[in-house]
Amino acid sequence: MPPIPLTVAVWAGVTLLLDRHASVWEQRGLGGLTWLLLLALLTRESRATRVQVGVVVAYATVVEYVFAGYLGVYVYRLHNVPAFVPPGHGLVYLAALAIGRSAWARRSTWLVPVTLTACGAWAVWGLTLSPQKDLLGAFWFGCLLVFSRFGKSPLVYAGAFLIVSYLEIVGTSLGTWTWQPHDPTGLVPVGNPPSGIAGGYAWFDAAALYLTPRLL
């Protein structure tokens with residue numbers, strides 16, 4: 001696996017562990033370090049990639065404050081949006097890009113079908129066997145399927161599934177955030193974490209690909 005995804009995975013794991021008993025100010029310190037890591041990794045990237053990552057950070061930050069801060073679809077430990085989360089989205093997206101463009105991923109003709117099979121099995125488990133039913137995860141899996149078939153970056157989506165699933169499992173296991181059993185309407189059951197949440201990054205990627213040429 002390329003060095004950027006490994007760096008992101010290690011840093012994310014360390015940050016989530018340190019956050020277990022962190023205060024708001026300690027979270028802000030972790031946020032500052034996460035910003036520094038993101039900026040350091042971006043210095044070696046092209047201008048277009050830096051803009052793409054910036055678009056995703058902006059888009060994801062709005063999503064965080066709407067869905068966590070306002071709607072409460074998922075709730076962070078201190079009932080805030082931790083300072084390391086916005087730059088963390090940039091790191092996750094950069095890691096997915098790095099996987100998608102790597103020679104290893106391009107040679108691995110099995111990566112996309114195996115990713116979709118694994119995510120599909122998880123979605124089926126969430127609908128049938130999970131103690132917390134997960135219709136939202138199945139919806140996100142459907143998004144992942146559509147983007148993988150018709151989108152421009154199937155290898156990036158596969159990379160996002162690897163990174164995001166790792167983060168969701170670790171983050172919810174440590175109690176950094178918790179997904180509520182239902183959406184705000186009470187009609188859509190939600191897993192903790194949702195199975196196909198990586199499908200959201202396909203939308204982030206679509207926004208980045210659409211806006212980057214216009215911003216450049």
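Scroll up a little and you will see the structure.
This text gives an overview of the structure that appears in the document. (Residues numbered from 1 in each chain as written. Predicted model: local features only at pLDDT ≥ 70, side-chain atom pairs only at ≥ 80, totals over all residues. Heavy atoms only, no water.)

## Overview of the nonpolar core
Grouped together as the largest cluster of nonpolar side chains are 61 residues, with contacts concentrated most on Val53, Tyr93, Trp179 and Tyr201. Tallying contributions element by element places helix α4 (residues 85–101) first for this core, with 10 residues. In contact with tyrosine 201, not counting residues within four places along its chain, are His89, Val92, Tyr93, Ala160 and Val164. (Core = buried A, V, L, I, M, F, W, Y, C linked by side-chain atoms within 4.5 Å. Buried < 20%, exposed > 50% of the residue type's maximum accessible area, 1.4 Å probe, protein only. Helix = DSSP H or I, 4+ residues; strand = E, 2+ residues; numbered from the N terminus. Contact = heavy atoms within 4.5 Å.)

## Concerning helix α6 (residues 111–128)
Taking 1.5 Å per residue as the helical rise, α6 with its 18 residues ought to reach 26 Å, and the 26 Å between its terminal C-alpha atoms agrees with that figure. Of the residues making up α6, those classed as buried are Leu111, Val112, Thr115, Leu116, Cys119, Gly120, Trp122, Ala123 and Gly126. Along the long axis of α6, the arc covered by the buried residues comes to 160°, so they all point the same way. In this structure, the buried side of α6 is in contact with α5 (103–107), α7 (135–150) and α8 (154–174). (Expected span 1.5 Å × (residues − 1). Arc of directions from axis to C-beta.)

## Examining helix α3 (residues 47–70)
Owing to its 3.6 residues per turn, the α-helix aligns residues three or four sequence positions apart on the same side. Between its terminal C-alpha atoms α3 stretches 33 Å, which fits the 34 Å expected from 24 residues at 1.5 Å a residue. For α3, the complete set of buried residues consists of Thr49, Val51, Gln52, Val53, Val55, Val56, Val57, Ala60, Thr61, Glu64 and Ala68. Where α3 is buried, its residues touch α2 (24–42), β1 (74–76), α4 and α9 (199–215). Of the residues trailing α3, glycine 72 is marked for its positive phi of about 70°.

## What to know about the packing of α6 against α8
Two elements in contact, α6 and α8, have axes separated by 9 Å at closest approach and are oriented at 40°. The orientation of α6 relative to α8 falls into the category oblique. Read as a crossing pair, α6 and α8 show a hand that is left-handed. Contacts between α6 and α8 involve Leu111, Val112, Thr115, Ala118, Cys119 and Trp122 from the former and Pro154, Leu155, Ala158, Phe161, Ser165 and Ile169 from the latter. Residue composition of the contact of α6 with α8, by class: 10 nonpolar, 2 polar and no charged. (Axes fitted to C-alpha atoms, helices over the stretch in contact; angles between N-to-C directions. Parallel < 35°, antiparallel > 145°, perpendicular 65-115°, else oblique. Left-handed = near helix turned anticlockwise from the far one by under 90°. Nonpolar A, V, L, I, M, F, W, Y, C, P; charged D, E, K, R; others polar.)

## Regarding a nonpolar patch on the surface
A contiguous nonpolar surface patch, about 490 Å² in accessible area, is contributed by Val62, Val66, Phe67, Tyr70 and Leu71. As for its placement among the helices and strands, valine 66 is situated in helix α3. Note on valine 66: relative accessible area 33%, which makes it partly exposed. (Patch = residues over 30% accessible without salt bridge, like charges linked within 9 Å, V, L, I, M, F, W, Y side chains within 5 Å. Areas by Shrake-Rupley, 256 points an atom, 1.4 Å probe, with all protein chains shown as cover. Salt bridge = Lys/Arg side-chain N within 4 Å of Asp/Glu carboxyl O.)

## Focus: the pattern of salt bridges
Where charged atoms from two side chains of opposite charge come close, those side chains can pair. Throughout the structure, instances matching the rule amount to 2 salt bridges. The partner of aspartate 19 in a salt bridge is arginine 77, and the shortest N-O contact between them spans 3.5 Å. With a gap of 58 residues between them, aspartate 19 in the loop between α1 (3–18) and α2 and arginine 77 in the loop between β1 and α4 connect regions that are remote in the sequence.

## Focus on the layout of surface pockets
Roughly 830 Å³ of volume is contained in the largest pocket. In this structure, the largest pocket is lined by 34 residues; those nearest its centre are Glu64, Tyr74, His89, Glu168 and Tyr201. When the residues that make up the lining of the largest pocket are grouped by side-chain class, the tally is 26 nonpolar, 5 polar and 3 charged. A volume near 180 Å³ is recorded for the second largest pocket. Around the second largest pocket sit Thr49, Gln52, Leu97, Gly100, Arg101, Arg106, Lys152, Ser153, Pro154, Leu155, Val156 and Asp205, which together line it. Of all the secondary-structure elements, those providing two or more residues to the lining of the second largest pocket are α3, α4 and α8. Grouping the constituent residues of the lining of the second largest pocket by class yields 4 nonpolar, 4 polar and 4 charged. (1 Å grid on protein atoms, 1.4 Å probe; cavity = no way out; pocket = protein on both sides within 12 Å on 5 of 7 lines; lining within 4 Å. Points joined across faces, edges and corners; volume = space filled by probe spheres on them.)

## Some words on the side chain of serine 153
Of note, serine 153 is situated in the loop between α7 and α8. Residue classification places serine 153 among the buried residues on the basis of a relative accessible area of 11%. Those residues in contact with serine 153 that sit more than four places away from it in its chain are Asp205 and Leu209.

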